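Notes for the structure review
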Amino acid sequence: MGATASSGNLANPFPFGNPLAAPFMPVSPEVAGVRDTEWDMTIPNLGTLVSAFTIPAGVQPLAIAAASTVLATPNNGQQMPMDADYDYLCREIQFVIQDADTSLMLPSDLRIRIRDGNGKLFTTDFCYASDLNGPLAIPWALKRGSVLNFDLQNANATQNITSLFITLKGWKRAICPEQEAVSSGYIPLRRRFTTDPTLLSGAELEDYEYPFTFTSAVMAALLKLPLQTDNDADFLWRGLAGDWNNPANDVTTVGNVVLAFYDPNGTPLGSFPFTFAGFPQPVRGMLRECILSNGGGAPNPMYPEIFIPRGGVPQVDVYFADAETVRFSLRGLKVYKAQTGL
Amino acid sequence: MIERPQYYNLALNQFGSANPSQTNIEKKLDSDAPFRLLGIAIISYLGNSLSFTNMRMTRPDRSWIQRFLAPMTALNPFYQDVQGAIGEEPGGAPPPFLFASPISPNLIYPPGGTIVFDFSNLADTIAQLVLVGTKIFRPGAVWAPSYPPKPYRSIPFLDYALQITPPAFGAAPLLQVPFDVQPDADFAWQAGQHTGGGMQASLTLGGEALASIEFAAVTPGTGGDAITVAITSPGPLAPLLITVVANAITIQPQTDGGGAILTTGAQLAIAMNSTPAAAALVTTICQGSCGDPIPNTGGVATPLTGGTNVGPTGGIGIRIRDWNGKYYMDDFTPIELIFGFAHAQTPGLLYPEIYIPKNQALYFDFSTLSNIPAAVAELTLSLKGQKVYGGQS
């Protein structure tokens, strides 16, 4: 994106450069007075976790006596010392198990209990590694020079874990009085949608979803199908979700189908011609997985949103190949306003 | 200041299985602009478990970011999607999507800077590490059009399609494929997805002292598997005759007085491709010994095989150039990173977006980074973003 200096601020001369982007993609925010530096802490290899654990409920879990690591303290959990120079803010934890055949391990096999440098439990009990892996909602502050303790438990009935890496990702925080605050410019997509006071004044907003299903038992191009919306409220169309399948399969997505949507004015929101296997002539649209979200909670986002006046009729072209049913929903907000003149 | 997307690539298949550990591997950055590193992405093509391979890398001052060598699976943990917290299963196919993991706070490398890597346990890895970030330029230094002054009108545009036939593994790259923006509006490209176009079913017949003939279905997909080819063994003095009934092609070769087949591979290819009913089903190619007689199947109808429907594509690398010909990456970048498959809600993201005025274009180069999985007949890229009306003419 061509950005100008006037778009940003002094500390961050760049504007936010993609409304769909993830939070980490723009310039990193900085806190005034401190200087953060990325730093990844790793216990390089916890060696062999002897034997499998099948511990009945109520029995105290065992601390693992690892055979060979530089940092390990046998019989007293695994220790990760923090560097002594700066405090550390952990933003992500990753446990990586290495095994001769990881297909025999399950995410629930490794369970972990963590204490921070003050001896406080970070987890109330043993937790699945798969639950702990990943980013933390709030950075975890760790004092310089402190020592983390990891108690480990292998719940696999037969399979040994031959080695284990523990990695903390985060940043060291140094005092830096000259550091000024930097804003990344990141604003979540949901807050980038309309705030037009003319539209929203006196309005009541309600999450709404218009579901549609189309079926064709034969290969067919069904063009300009009307997607009738209600006439009780305007609609702010913000996303698409859906699936496609054959009649015999109501769970997984099967078969090919192409869709092309139009806004209520008939302006196509895609419809660029291409060919695909299983359909005899070029189509104008896009294939199933490229246009319909496969996660019900997270629709394929549309930015900017499309305003559909009450009773408005967006349209869709559907090219059925070997899929026989396509189901999708237009997701967004209904805008209820007081009726006038009625 | 202007930011534009930049991808630096480091192939990890150049060291060989005899050199499992590599230290002081230097990645030299371009000298035209500083580089803001915002994330790293790693893809394994061989199905290696990247949890077995460890690395660390340096900041601009050459201090390490990682205290010790850390598993690649921890540094780019999306790979664990394949098997929870355990790491991906060795030998499995790589997922058809790739997301960068954040480097936070970002690191700003100077122009011409160097990033140093240490690797351990590379084994016979065929993988690629991508440094995802932005280059920082002064205004006017590079092609960087932007939105028109407000007010302007824009709509979401869900699919600009770009369709190509990717080169086979080892073949020359496909260069300078234009992506043209339509004349009605500018386009702010923000995200991408890909889908494969399927494979054509095919059948190859041949033998010693015989021509080698390939019949390939015209339309990619499993529908091609329903096509059959039968070459009969007629009596003496038969003429060449091609008949098509539905999906069944029957070829009666020309024979001499003793019943020996006279029709050569070259003659059959010409005859098949000039027979409308047959040419509508298959493309016939003589692959070798084309002056020799064609084989016969004894009249047995033999089906074409191997047709596949639309699905994910892997192992393709992509380079993108702007309207002035300046690349956004230093080498071919895994297509899974910019054009992921199967997740319309989380497509591959460009940062920042690339704004392309109407009637201008980007140019794409394609190459095959790996023979795993096999190349596809077609590759369809979906470019998503906004159409902006009222922009530059």
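Residues numbered from 1 in each chain as written. Chains lettered and ligands numbered in written order. Predicted model: local features only at pLDDT ≥ 70, side-chain atom pairs only at ≥ 80, totals over all residues. Heavy atoms only, no water.

Below, the discussion takes up the overall build of chain B. Looking only at helices and strands, one finds four helices and 23 strands in chain B. Seen through its principal axes, chain B has C-alpha atoms that stretch 85 × 60 × 35 Å. Put simply, chain B has 393 residues, and 59% of those count as buried. When the 18 basic and 26 acidic side-chain charges of chain B are each reduced to a single mean position, those positions are 17 Å apart. (Helix = DSSP H or I, 4+ residues; strand = E, 2+ residues; numbered from the N terminus. Buried < 20%, exposed > 50% of the residue type's maximum accessible area, 1.4 Å probe, protein only. Lys, Arg positive; Asp, Glu negative; His and termini not counted. Charge placed at Lys NZ, Arg CZ, Asp CG, Glu CD.)

Next up on the list: the pattern of salt bridges. Tallied over the full model, the rule gives 27 salt bridges over all chains. Here A:Arg144 and A:Asp87 are joined by a salt bridge, their closest N and O atoms 3.3 Å apart. Placement of the pair is A:Arg144 in the loop between strand S6 (134-142) and strand S7 (147-154) and A:Asp87 in strand S3 (residues 87-98), with a sequence separation of 57 residues. Exposure remark for A:Arg144: the relative accessible area of 46% places this residue in the partly exposed category. Put simply, B:Asp32 and B:Lys135 hold a salt bridge, and the shortest N to O gap is 2.9 Å. (Salt bridge = Lys/Arg side-chain N within 4 Å of Asp/Glu carboxyl O.)

Tallying each qualifying case throughout the model produces one disulfide over all chains. The side chain of B:Cys286 participates in a disulfide bridge whose partner is B:Cys290; the two sulfur atoms lie 2.2 Å from each other. Disulfide B:Cys286 to B:Cys290: torsion about the S-S bond roughly -115 degrees, handedness left-handed. With no disulfide partner, A:Cys90 has as its closest neighbouring cysteine sulfur the one in A:Cys127, 15 Å distant. A relative accessible area of 0% places A:Cys90 in the buried class. (Disulfide = S-S within 2.5 Å.)

Attention now goes to unusual backbone geometry. Cis geometry is adopted by the peptide bond preceding A:Pro304, which originates at A:Tyr303 and carries an omega value of -5 degrees. Its location among the elements puts A:Pro304 in strand S16 (residues 300-308). A positive phi angle is found at B:Asn359, which is not glycine, with a value near 70 degrees. Its place among the elements puts B:Asn359 in the loop between strand S21 (348-356) and strand S22 (361-368).

This part takes up the pairing of strand S13 (residues 212-217) of chain B. All names here are of chain B. Of all six residues that make up S13, five are buried, and the element is covered over most of its length. Two elements, strand S12 (residues 202-205) and S13, share four bridges in a ladder whose sense is antiparallel. Paired with Ser 202 across the two strands is Ala 216, which belongs to S13. A loop of six residues connects S12 with S13, the two strands running antiparallel in sequence, and Ala 209 in this loop sits at a positive phi of about 60 degrees. Bridge count for S13 against strand S17 (residues 282-288) is six bridges, and the pairing is antiparallel. (Pairing = 2+ DSSP bridges.)

Turning to the confidence of the model for chain B, a few remarks are in order. Residue and element names in this part refer to chain B. Of all residues in chain B, 90% have pLDDT values of 70 or greater, and the mean over the chain is 87. Confidence, expressed as mean pLDDT per element, reaches its minimum in chain B at S17 with 82 and its maximum at S21 with 96. Taken as a whole, residues 80-91 scores under 50 in pLDDT and shows 45 contacts with residues more than four places along the chain or in a different chain. In the predicted complex, the global pTM is 0.82; the interface-specific ipTM is 0.86. (pLDDT = per-residue confidence, 0-100. Contact = heavy atoms within 4.5 Å.)

This paragraph deals with the interface of chain B and chain A. Between chain B and chain A, the residue contacts involve 85 residues of the former and 89 residues of the latter. Carbon and sulfur atoms make up 58% of the area that chain B and chain A hide from each other, which totals about 6,900 Å². On the surface where chain B and chain A come into contact, there are one salt bridge. One salt bridge connects A:Asp83 with B:Arg67, and the closest N-O pair in it is separated by 2.6 Å. Viewed at the interface, chain A and chain B are joined by 21 residue pairs in polar contact (both at pLDDT 80 or more). Per element, the largest residue contribution to the side of chain B that touches chain A is nine residues, and it comes from strand S9 (residues 153-164) of chain B. In terms of residue class, the side of chain B that touches chain A is built from 43 nonpolar, 32 polar and 10 charged. (Buried area = accessible area lost by both parts, 1.4 Å probe. Polar contact = N/O pair within 3.5 Å; in protein donor to acceptor, adjacent residues only side chain to side chain. Nonpolar A, V, L, I, M, F, W, Y, C, P; charged D, E, K, R; others polar.)

What follows deals with the sheet that holds strand S12 (residues 257-262) of chain A. By way of backbone hydrogen bonds, the strands of a sheet pair with one another, either parallel or antiparallel. Residues and elements named next belong to chain A. As summarised here, the arrangement of the four strands in space is S10-S17-S12-S15, forming an open sheet in which the pairing is antiparallel. Edge positions in the sheet fall to strand S10 (220-226) and strand S15 (286-287), since each of these pairs with one other strand and no more. In this sheet, strand S17 (residues 315-320) lies alongside S12 in antiparallel orientation, the contact comprising six bridges. Bridge pairing in S17 places Phe 261 opposite Val 316.

Residue and element names in this part refer to chain B. Strand order in this open sheet of four strands is S1-S8-S3-S6, and the pairing throughout is antiparallel. In the strand order of this sheet, the two ends are held by strand S1 (2-11) and strand S6 (101-109), each with one partner. Here the strands of the sheet are splayed against their neighbours by 30 degrees on average, with no regard to which way each runs. (Axes fitted to C-alpha atoms, helices over the stretch in contact; angles between N-to-C directions.)

Before going further, it helps to spend a moment on the nonpolar core. Counting residues in hydrophobic clusters, the biggest one holds 92 residues, and the most contacted among them are A:Phe261, A:Phe328, B:Trp189 and B:Phe364. The dominant element in this core, judged by the number of residues it contributes, is S9(B), at seven residues. Formed by 26 residues, the second largest nonpolar core is a distinct cluster that contains B:Tyr8, B:Leu29, B:Tyr109 and B:Ala127. (Core = buried A, V, L, I, M, F, W, Y, C linked by side-chain atoms within 4.5 Å.)

We now examine the packing of aromatic side chains. For the structure on display, the rule yields 26 aromatic pairs over all chains. Taking 5.8 Å as the distance between ring centres and 35 degrees as the angle between the ring planes, the aromatic pair formed by B:Phe97 and B:Phe99 counts as tilted. For B:Phe97, a relative accessible area of 13% puts it in the buried group. Relative to B:Tyr355, the ring of B:Tyr147 lies with its centre 4.8 Å away and its plane at 55 degrees, an arrangement referred to as tilted. With a gap of 208 residues between them, B:Tyr147 in the loop between strand S8 (127-137) and S9 and B:Tyr355 in strand S21 connect regions that are remote in the sequence. Summarising the burial analysis for this pair, B:Tyr147 and B:Tyr355 share the class buried. Each residue in the set B:Phe157, B:Tyr160, B:Phe179, B:Phe187, B:Trp189, B:Phe339, B:Phe364 and B:Phe366 is aromatic and connected to the rest through ring pairs, giving one cluster. Note that A:Lys172 overlies the ring of A:Trp39, its terminal NZ or CZ placed 4.3 Å from the centroid. Over the aromatic face of B:Tyr389 sits the side chain of B:Arg153, whose NZ or CZ is 4.9 Å from the ring centroid. (Phe/Tyr/Trp six-rings, centres within 6.5 Å; stacked < 30°, edge-to-face > 60°. Lys NZ or Arg CZ within 6 Å of the ring centre and 35° of its normal.)

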